[in-house]
Amino acid sequence: MLLTADTVATGREVLRPGWIELSGASVTAIGSGDPPGTARTSLGAVTVVPGFVDAHVHGGAGFDFSTCDAEGVAAAVGFHRRHGTTTLVASLVSLGPVELALRVKMLSALVREGLISGIHLEGPWLSVQRCGAHDPALLRDPDPGELDLLLSLGGDAIRMITFAPERPGATDAIVRVVASGAVAAIGHTEATYEQTCAAISSGATVATHLFNAMPSIHHRAPGPIVALLDDPRVMVELIVHLDPAVYRHVLHSVGQRRISLITDAMAAAGMPDGGYGIGGLSVDVIDRVARVAGTETIAGSTATMDRVFRYSVTHSGLSEDAALALAVQQTSINTARALGLPSPELRVGAPGNLVVLDAQLGVEAVLHNGSWV
């Protein structure tokens, strides 16, 4: 298959025009200008980018990864794939020990089948004061026995685990997780600046949705936000319900390679307003904004990665090509690198995962492992 397009953003450069040759599930050649040969599919006035990588997503299409069966997982993954997410890490909210172990076992099988690319445990080792859309009754201190069981059940399917560093035992748990080959993240926390720095020194390398579910910056108590921004070892997750000025401020603070844009999408993504669930909590969605029922607490989002991509291009404040290259970095390249996943960059030998975007950066087509979705 030989594809040509007016614009191809590879993750390394922007080609105008560009072409991509694929054989089976892999890219075999890529270049700018006129392609070799004549048998080709001209995509025309579109922009081709690498498939999106979402490291933090709880569900979609009415299905919640923390509660649904394998068919529900497949339906949610299919929904997000149609919006350009070709690599998806399923995030779980806090569950009881037995339920969490069963869920990890089930999702690990789906990782081995290739449906999802990993599991993110966003709990239960979080702060009660910063629980967000996690049931505070289920939050607990890290227990070595439980953690070892989960790592044994999940193996390399567990890609990331989020901790509140101030929890007793969190530092040892971070060391154990990193030693297993998974990523330790910091989030849903009341940690001080010093506690956060200690967690980073112990091996934590991701900030779980920076700003959300953590104390704001105070000029005499910088807290976790400043610690996470300051350390070059940390990849910073951002959700696009941030004010664009804050997004640009973070971009200027940490640079292009340290931001991972995520959806944090829950079951209501792709669905009409109404009542939904995340884990065992009820969620109301009004005007596409999800909140824990009866509260003003945001419960993830209803976003998809194509919307995230447009947010970056629109609000980065950069020139057209620079904004496009940045959006590719932050919606695919950076996230994969942070989690140790194969690079989605469009290059020879890479998987055939790409998204075709129209003039408004809406999804026109998606290629997953060399096949059109």
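Structure shown above.
Residues numbered from 1 in each chain as written. Predicted model: local features only at pLDDT ≥ 70, side-chain atom pairs only at ≥ 80, totals over all residues. Heavy atoms only, no water.

**Q** I keep staring at unusual backbone geometry and nothing clicks. Help me out?
**A** Glycine aside, negative phi is the norm for most residues, and most peptide bonds take the trans geometry. Note that the residue after R16, namely P17, is joined by a cis bond; omega there is -10°. Secondary-structure assignment places P17 in the loop between β3 (14-15) and β4 (18-23). The peptide bond linking G123 to P124 adopts the cis configuration, its omega dihedral lying at 20°. Mapping P124 onto the fold places it in the loop between β12 (118-121) and α3 (144-154). A positive phi angle is found at H188, which is not glycine, with a value near 45°. Residue position: H188 is located in the loop between β14 (183-186) and α5 (193-201). You can call H188 buried: its relative accessible area is 4%. (Helix = DSSP H or I, 4+ residues; strand = E, 2+ residues; numbered from the N terminus. Buried < 20%, exposed > 50% of the residue type's maximum accessible area, 1.4 Å probe, protein only.)

**Q** Help me understand the sheet that holds strand β7 (residues 47-50) in this model?
**A** Working definition: the strands of a sheet are paired by backbone hydrogen bonds and lie parallel or antiparallel to each other. The mixed open sheet is built from six strands, whose spatial order is β3-β2-β7-β21-β22-β23. Each end of this open sheet is capped by a strand with a single partner; those strands are β3 and β23 (371-372). Pairing of strand β2 (residues 7-9) with β7, which is carried by two bridges, proceeds in the parallel orientation. The residue bridging V8 from the neighbouring strand is V48, located in β7. (Pairing = 2+ DSSP bridges.)

**Q** Sorry if this is basic, but what is going on with the environment of G300 here?
**A** With respect to the helices and strands, G300 occurs in the loop between β20 (289-292) and α8 (305-315). Owing to a relative accessible area of 12%, G300 belongs among the buried residues under this scheme. Separated by 155 residues in the primary sequence, G300 and G145 have C-alpha atoms spaced 29 Å apart. Ignoring anything within four residues of it in the chain, the contact list for G300 reads H241 and D264. (Contact = heavy atoms within 4.5 Å.)

**Q** Explain helix α2 (residues 97-113) here, please?
**A** An α-helix turns once per 3.6 residues; consequently, residues spaced three or four apart project the same way. A rise of 1.5 Å per residue sets the reference length of α2, with its 17 residues, at 24 Å; its end C-alpha atoms lie 25 Å apart and thus fit the reference within 8%. Within the sequence span of α2, burial applies to L100, A101, R103, V104, L107, S108, L110 and V111. On its buried face, α2 is in contact with α1 (70-82), β11 (85-92), β12, α3 and β13 (158-163). Following α2 by one or two positions, G114 has its phi on the positive side, about 90°. (Expected span 1.5 Å × (residues − 1).)

**Q** Would you mind showing me how to read the pairing of β4 here?
**A** Consecutive residues of a regular strand have side chains that alternate between opposite faces of the sheet. As judged from the four bridges shared by strand β1 (residues 2-5) and β4, these two strands associate in the antiparallel manner. Within the sheet, the bridge partner assigned to T4 lies in β4 and is W19. A loop of two residues connects β4 with strand β5 (residues 26-32), the two strands running antiparallel in sequence, and G24 in this loop sits at a positive phi of about 65°.

**Q** Looking at this structure, how should I read the sheet that holds strand β6 (residues 41-42)?
**A** What the four strands build is an open sheet, ordered β5-β4-β1-β6; its pairing is mixed. A single partner strand is all that each edge strand has here, and the edge strands are β5 and β6. Relative to β5, β4 runs antiparallel, the two being bridged by six bridges. Paired with G18 across the strands is S32, a residue of β5.

**Q** I keep staring at the pattern of salt bridges and nothing clicks. Help me out?
**A** Where charged atoms from two side chains of opposite charge come close, those side chains can pair. What the rule picks out here adds up to 11 salt bridges. We note a salt bridge from E345 to R12, for which the minimum N-O separation is 2.5 Å. A residue pair is termed long-range when its members are at least 10 positions apart, and E345 in the loop between α9 (320-339) and β21 (354-357) and R12 in the loop between β2 and β3 qualify at 333 residues. Through salt bridges with shared partners, a single ionic network connects R12, E13 and E345. (Salt bridge = Lys/Arg side-chain N within 4 Å of Asp/Glu carboxyl O.)

**Q** Would you mind going over the pairing of strand β22 (residues 363-368) with me for this structure?
**A** Across four bridges, β21 lies against β22 in antiparallel orientation. Within β22, the residue paired with V356 across the bridge is A365. In this antiparallel pair of consecutive strands, β21 and β22, the connection spans five residues, and L361 shows a positive phi of 65°. The sheet contact formed by β22 and β23 spans two bridges and is antiparallel. Looking at β23, one finds that L367 is bridged to W372.

**Q** Explain the nonpolar core to me, please; I cannot follow it from the model alone.
**A** As a rule of thumb, nonpolar side chains are buried together in soluble globular proteins. Judged by nonpolar contacts, the single largest core of 72 residues is most densely connected at L121 and L210. A per-element tally of this core places α2 first, with six residues. Counting residues in hydrophobic clusters, the runner-up holds 13 residues, among them L15, V46, L354 and V356. (Core = buried A, V, L, I, M, F, W, Y, C linked by side-chain atoms within 4.5 Å.)

**Q** Help me understand the side chain of S108, please; the structure alone is not making it clear to me.
**A** Relative to the elements of secondary structure, S108 occurs in helix α2. In this structure, S108 is in contact with I119, L153, G154 and A157, ignoring residues within four places of it in sequence.

**Q** Honestly, the packing of α2 against α3 in this entry has me stumped. Any pointers?
**A** Angle between the axes and distance between the axes are the two parameters that describe a pair of packed helices. α3 packs onto α2 with a crossing angle of 20° between their chain directions and a minimal axis gap of 8 Å. Of the possible angle classes, the one that applies to α2 and α3 is roughly parallel. Like other packed secondary-structure pairs, α2 and α3 cross with a definite hand, here right-handed. Taking contact as the criterion, the partners of P97, L100, A101, V104 and S108 in α2 are, on α3, E146, L149, L150, L153 and G154. Taken together, the residues of the contact of α2 with α3 break down into seven nonpolar, two polar and one charged. (Axes fitted to C-alpha atoms, helices over the stretch in contact; angles between N-to-C directions. Parallel < 35°, antiparallel > 145°, perpendicular 65-115°, else oblique. Left-handed = near helix turned anticlockwise from the far one by under 90°. Nonpolar A, V, L, I, M, F, W, Y, C, P; charged D, E, K, R; others polar.)

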